[in-house]
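# A closer look at the structure
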Amino acid sequence: MACIIGVRFKEVGKIYYFDPNGVELKVGDRVIVETSRGVECGEVALSNREISDSEVSSPLKKMIRKATDADLKKLEENQQKEKRAFTICEQKIRQHKLEMKLVNVEITFDNSKILFYFTADGRVDFRELVKDLAFVFKTRIELRQIGVRDESKMLGGLGICGRPFCCSSFLGEFQPVSIKMAKEQGMSLNPVKISGSCGRLMCCLKYEQDVYSELLKTTPKVGAVVETPDGKGNVIDVNLLTGVLTVSLHKSPNGSAHTYKVDQVKVLKDGQIRLGKEELARLRKLEKN
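The text that follows walks through the structure, step by step, so that each part is easy to find. From a predicted model like this one, the values you see are computed outputs, not experimental measurements.

## Focus on the nonpolar core
Met-100, Phe-116, Leu-133, Phe-137 and Leu-143 are the most contacted members of the largest nonpolar core, which has 18 residues in total. A total of four residues in this core trace back to one element, the largest contributor, which is helix H1 (residues 69-96). With residues near it in sequence (within four places) discarded, Met-100 still touches Ile-93, Phe-118, Thr-119, Ala-120, Val-124, Leu-129 and Leu-143. With 10 residues, the next largest nonpolar core counts Met-181, Leu-189, Ile-194 and Leu-205 among its residues.

Have a look at this one:
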């Protein structure tokens, strides 16, 4: 077993494990640790606890110290520097006439590196920009191109539900979301209705997918041939959550459809959930990160 603490470096970011170095810490404490980016100041998201060695990436780095008042003051100074760096970088981007949008700037706690995050439609030759920035700030410069989902996570905002973006309020990492999920959940495949403000599939499609997957195992799909109390028929509509099927009976194909509960019918031949090639091609870009 290994004694660890979980540390976040962004408000809603991934949690990394560190050795507490014999110090008892609580959630919300600030700590100074060494990362692959250099020395950083993070916030404790998981207090001291023991986990199995298999859950730990070896070697487990030790916490350097609990953050002091001087460390917190330096953190505030870095935040002011980030704002200045953002303004200067935007000016340099315009000077070089680069087709890119600056999203965020991060300065490592020890000032050893400045990271500039940007979005762009394609590849950008920013070598001259890096030289200019390095001349101004006299430190290592790194430019990282990110996707629109990462941009939304960094900037935040309100979703179509009226609540803050899930990605910027509580999702530590993005979960894979697919068009198949929207289809299985019976949602309209109108891009406007199933995509978030970032233009990609809504993260919330993932939340109920396990429930829908289980219900699909016991519920006939649209197109299924079933035996009902009134004879054989084809399922023309399904409400997975209520378990109500709408069936067109073979003996009266032009008559009104009948509704039955799942436990009232017997599946003779199940249907399949399919996505047409044109439909899939039109929506494929919504699955990209």
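We are not done yet, so read on.
## Some words on the pattern of salt bridges
Enumeration over the complete set of coordinates arrives at 14 salt bridges. Note that Asp-125 is salt-bridged to Arg-127, the shortest N-O span being 2.8 Å. On the basis of relative accessibility, which here comes to 48%, the residue Asp-125 falls in the partly exposed class. For Arg-127, a relative accessible area of 59% corresponds to the exposed category. Several salt bridges share partner residues, and in doing so they unite Lys-10, Arg-37, Glu-40 and Glu-106 into one network.

## Points about the packing of aromatic side chains
By the definition in use, this model includes five aromatic pairs. Relative to Tyr-16, the ring of Phe-9 lies with its centre 5.9 Å away and its plane at 50°, an arrangement referred to as tilted. Consider the rings of Phe-9 and Phe-18, whose centres lie 6.2 Å apart with planes at 85°: the pair is edge-to-face. Grouping aromatic residues by their ring pairs yields a cluster made of Phe-9, Tyr-16 and Phe-18. Over the ring of Phe-109 we find Lys-74, and its NZ or CZ is 4.8 Å from the ring centre. Across the ring face of Phe-174, the terminal group of Lys-153 is positioned such that the distance to the ring centre comes to 5.9 Å.

## Points about the environment of Leu-241
Tracing the sequence through the fold places Leu-241 in the loop between strand E10 (231-239) and strand E11 (244-249). Leu-241 gets classed as exposed once you look at its relative accessible area, which sits at 58%. In contact with Leu-241, other than residues within four places in its own chain, are Tyr-212 and Leu-215.

## Considerations on the pairing of strand E9 (residues 225-228)
Here E9 runs beside E10; their pairing, made up of four bridges, is antiparallel. When the bridges of E10 are listed, Val-226 appears paired with Gly-233. If you look at the hairpin formed by E9 and E10, you'll find two residues sitting between the two strands.

## A few points about helix H7 (residues 209-218)
The complete set of buried residues in H7 reads Gln-209, Tyr-212 and Leu-216. Along the axis of H7, the buried positions cluster into a sector of 60°, meaning they face one direction only. What points out from H7, more than 90 degrees from its buried face, is the exposed set Asp-210, Lys-217 and Thr-218. On its buried face, H7 is in contact with helix H5 (179-184).

## Section: the environment of Lys-180
As for its position among the elements, Lys-180 is in helix H5. Looking at Lys-180, the relative accessible area reads 53%, which means it is exposed. Along the sequence, Lys-180 and Gly-196 sit 16 residues apart, while their C-alpha atoms lie 16 Å from each other.

## Considerations on the layout of surface pockets
What the largest pocket holds in volume is close to 1,800 Å³. In this structure, the largest pocket is lined by 49 residues; those nearest its centre are Arg-8, Phe-9, Lys-10, Gly-13 and Glu-106. Of all the secondary-structure elements, those providing two or more residues to the lining of the largest pocket are strand E2 (16-18), strand E3 (30-35), strand E4 (38-51), H1, strand E6 (101-107) and helix H3 (148-155). For the lining of the largest pocket, the element with the most residues is E4, which contributes six residues. Within the lining of the largest pocket, the residues separate by chemical class into 21 nonpolar, 11 polar and 17 charged.

What counts and how
- Residues numbered from 1 in each chain as written.
- Predicted model: local features only at pLDDT ≥ 70, side-chain atom pairs only at ≥ 80, totals over all residues.
- Heavy atoms only, no water.
- Core = buried A, V, L, I, M, F, W, Y, C linked by side-chain atoms within 4.5 Å.
- Buried < 20%, exposed > 50% of the residue type's maximum accessible area, 1.4 Å probe, protein only.
- Helix = DSSP H or I, 4+ residues; strand = E, 2+ residues; numbered from the N terminus.
- Contact = heavy atoms within 4.5 Å.
- Salt bridge = Lys/Arg side-chain N within 4 Å of Asp/Glu carboxyl O.
- Phe/Tyr/Trp six-rings, centres within 6.5 Å; stacked < 30°, edge-to-face > 60°.
- Lys NZ or Arg CZ within 6 Å of the ring centre and 35° of its normal.
- Pairing = 2+ DSSP bridges.
- Arc of directions from axis to C-beta.
- 1 Å grid on protein atoms, 1.4 Å probe; cavity = no way out; pocket = protein on both sides within 12 Å on 5 of 7 lines; lining within 4 Å.
- Points joined across faces, edges and corners; volume = space filled by probe spheres on them.
- Nonpolar A, V, L, I, M, F, W, Y, C, P; charged D, E, K, R; others polar.

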